[in-house]
Amino acid sequence: MTLSKLAVVVLAAGQGTRMKSTRPKVLHQIAGRTMLDHVLDSIEGLKPERIVVVVAPDLPAVAEAVAARPGGRVRTAVQDRQLGTGHAVACTKTALAGYHGAGGSGDVLVVFGDTPLLTPATLSALCARRRAADAPDLLGLAFQPADPAQYGRFVLDKKGQVLRIVEYADASSAERAIDLCNAGVLLGDGRVLFSLIESLGTDNAKGEYYLTDLFALANAAGHRTAVGEADPTEVLGINSRAELAGAEAILQTRLRANAMANGVTLVDPATVWFSADTQLGRDVTVQPNVFFGPGVVVGNDVEIRAFCHVEGATIEAGAVIGPYARLRPGTVVGAGARIGNFVETKNTVLGPGAKANHLTYLGDAQVGAKANVGAGTITCNYDGFGKHLTSIGEGAFIGSNTALVAPVRIGKGAIVGAGSIITEDVAADALAVGRGPQEARPGAAKRFRERRKSAGTGEKTGAGKKKGSSGKKKAPKRKKDG
Ligand code: UD1
Ligand code: MG
């Protein structure tokens, strides 16, 4: 048998009551991406001709998430009422015309939207079995977890033919002792699958149309059935928050191992948290306790020191970040640039070799190459209504504790004196100082101390305070100094 064409069905119409959430289950995230996107990304790796996601009418966010995917080639089919996984697949009959009827046939692969760790390799190995000369008509995917929990159990004969799958809720204690569990993935000839689906019933503990009952029906109809096997860490089904955390831990372990295999030093791997799309160059070093949100690209030889939070940022080769830095979306740190402790950046581009080493906020800013942004500099980018741009020219020097009130431009090579509030543009190579002039009163400190000493401290304790008193001290009368 040759595999002519492949359609993939993703079941995502369940609310996921065990998650105890207003958000549909498949839109919960692991490694910064929804479970549904993880599943769809793996499936796209198979390059199927058609992908159909089964959605519920009362969970519009799922259809919206499908529509938002780049490429726009994933379709949806609506399951009006959630009558079970078998019923959900039956709802794709129209969307899969051409896979099971007079219009032609093809293979149909069913996966669950709550099984986010599946890899394309496992799925293509299963698809390859349909290309064998004596290919089974219907294939399941089994795994042997340490704890078989509430997964469906495969009942096989000695030759490996699947006699049936028994759901946990319906299983006898002898059947619950079987440790060959159903991962929820099913692959079959579209004609076989859709002809058997008509015969599914609801005579079971949950009163649902179980997709898993297709195996007993196939067996009874004389079809060949078989199972592929998967690594238990790949087929974890997520039904609760605890299982979500378990999947997150597995995926993080995978992402850390990938990073290290690709030449990244993780000083303490278990404390570094990645997003599924984090891209890291060669010889990057990541110190402990670093968080990568979605959309981070890091070039070669970058050092990210401890306790940084990085999201939606590009960090170019040789830059040094942190410790304790926060890079927010739209940040680009140029080659060899430095972002030090307690620096926050948002929608900001730092040119090569630029520095913002301490206690700074750069929002909606452009910082030229080799410019130096002193400690405590703040771009005042928001006026309560809109965001405004700050531009700092190449080689400019911004003195410490400066407020740059945007929109404002600091020219190339300009110097801004420490403690300035800059509201006007500064020309290239100019020096700008915007602060109150310093007043010096010789001997005034000494006279102040002597005056205070002779008057005593005047401090009172709160004890014996009258009822109803506000407790506030009266402001002392200002005496002219000197
Ligand atoms: C299912 C399998 C079980 C398997 C386990 C693997 C059945 C009957 N049971 O159980 O054998 O071991 O997955 O994780 O198939 N869904 C719909 N419409 C519905 C019902 C469900 O779209 O009417 C979707 C859900 O959104 C979910 C998926 O199907 O993504 C699986 O449903 P779920 O309720 O999680 O099934 P399990 O109880 O986990
Ligand atoms: Mg499930």
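Counting starts from 1 at the beginning of each chain's written sequence and moves along it residue by residue. Chain labels run from A onward and ligand labels from 1 onward, assigned in the order the entries are written. The model is predicted, so local features are restricted to residues of pLDDT at least 70 and side-chain atom pairs to those at 80 or more, both for listing and for counting; the totals for chains, interfaces and linings are taken over all residues. To obtain the side-chain values, all non-hydrogen atoms of the structure were used and water was disregarded.

Asks: For this particular structure, what's the right way to read the site of ligand 1?
Replies: Here a residue counts as near a molecule or strand whenever at least one of its heavy atoms sits within 4 Å of it. Contacts to ligand 1 come from 25 residues, most closely from G14, Q79, T85, E167 and N182. One nitrogen or oxygen atom from the main chain of N182 is found 2.6 Å from an oxygen atom belonging to ligand 1. With the chains in place, 91% of the 760 Å² that ligand 1 exposes on its own is no longer accessible. Think of a polar contact as two N or O atoms within 3.5 Å of one another; within protein, one of them needs to be a possible hydrogen donor and the other a possible acceptor, and neighboring residues in sequence only count if both atoms come from side chains. In this description, accessible areas are obtained by the Shrake-Rupley approach with a 1.4 Å probe, and a residue is regarded as covered only by the protein chains that are shown.

Asks: What exactly am I supposed to notice about the nonpolar core here?
Replies: General note: in soluble globular proteins, nonpolar side chains tend to be found buried as a group. The set of buried Ala, Val, Leu, Ile, Met, Phe, Trp, Tyr and Cys residues whose side-chain atoms join them within 4.5 Å is what this entry labels a nonpolar core. The rule is simple: take the accessible area with a 1.4 Å probe, protein chains only, and divide by the maximum for that residue type; under 20% is buried, over 50% is exposed, in between is partly exposed. With 124 residues, the main nonpolar core has L36, L109, V111, F292, I315 and I410 as its most contacted residues. Helical segments are the DSSP runs of H or I of at least four residues, strand segments are the runs of E of at least two, and each set is numbered from the N terminus. At six residues, strand β1 (residues 6-11) tops the list of elements feeding residues into this core. Residue ranges for the domains originate in an automatic or database domain assignment. In this structure, this core is formed jointly by two domains, domain 1 (6-229) and domain 2 (241-432), each of which donates at least three residues. When sequence neighbours within four positions are dropped, the list of residues in contact with F292 reads V272, W273, F274, S275, T278, L280, V286, V298, I304 and V310. The contact definition used throughout considers only heavy atoms, calling two residues in contact when any of these lie within 4.5 Å.

Asks: What is the right way to read the coordination of the magnesium ion (ligand 2) from this model?
Replies: Ideal values differ by geometry: the angle at a metal is 109.5 degrees with four tetrahedral donors, but 90 or 180 degrees with six octahedral donors. Coordination of the magnesium ion (ligand 2) by the protein comes from D114 (OD) and N239 (OD1), over a distance range of 2.1 to 2.3 Å. Separated by 125 residues along the polypeptide, D114 in the loop between β8 (107-112) and α4 (120-129) and N239 in the loop between β13 (225-229) and α8 (241-261) bring together distant segments of the chain. On the accessibility criterion, N239 (16% relative accessible area) is buried. Coordinating donors are taken to be N, O and S atoms lying within 2.8 Å of the metal, or within 3.2 Å when the metal is Na, K or Ca; because water is excluded from the atom set, some sites may appear incomplete.

Asks: What exactly am I supposed to notice about a nonpolar patch on the surface here?
Replies: Surface patches are drawn from residues lacking salt bridges whose relative accessible area is over 30%; two like charges belong together within 9 Å, two nonpolar side chains (Val, Leu, Ile, Met, Phe, Trp, Tyr) within 5 Å. When a carboxyl oxygen of Asp or Glu is within 4 Å of a side-chain nitrogen of Lys or Arg, the pair counts as a salt bridge. Side chains of F307, Y324, F342 and L359 sit close together on the surface and give an oily, nonpolar patch of about 420 Å² of accessible area. Tracing the backbone shows L359 in strand β27 (residues 355-367).

Asks: Hey, could you run me through the domain arrangement of the protein in this one?
Replies: Bring the parts together and some accessible area is lost; that lost area is often taken as the interface size. Domain assignment breaks the protein into domain 1 (6-229) and domain 2 (241-432). Relative placement of domain 1 and domain 2: their C-alpha centres are 43 Å apart. Across the contact, 13 residues belong to domain 1 and 15 residues belong to domain 2. Note on definitions: buried area is the accessible-area loss of two parts on being combined, 1.4 Å probe, summed for both. Where domain 1 abuts domain 2, roughly 1,100 Å² becomes buried across the two surfaces, and 64% of that area is made up of carbon and sulfur atoms.

Asks: Mind showing me how you'd approach unusual backbone geometry here?
Replies: Most peptide bonds take the trans form, and the phi angle of most residues other than glycine is negative. Residues G322 and P323 are joined by a peptide bond in cis, for which omega reads 5 degrees. Locating P323 in the fold gives a position in the loop between β23 (320-321) and β24 (326-327). Of note, the amide linkage connecting A406 to P407 takes the cis form, showing an omega dihedral of 5 degrees. Tracing the chain through its elements places P407 in the loop between β32 (403-405) and β33 (408-410). Not every positive phi belongs to a glycine, and F307 is a case in point at roughly 60 degrees. In this structure, L359 is a non-glycine residue whose phi angle is positive, near 50 degrees.

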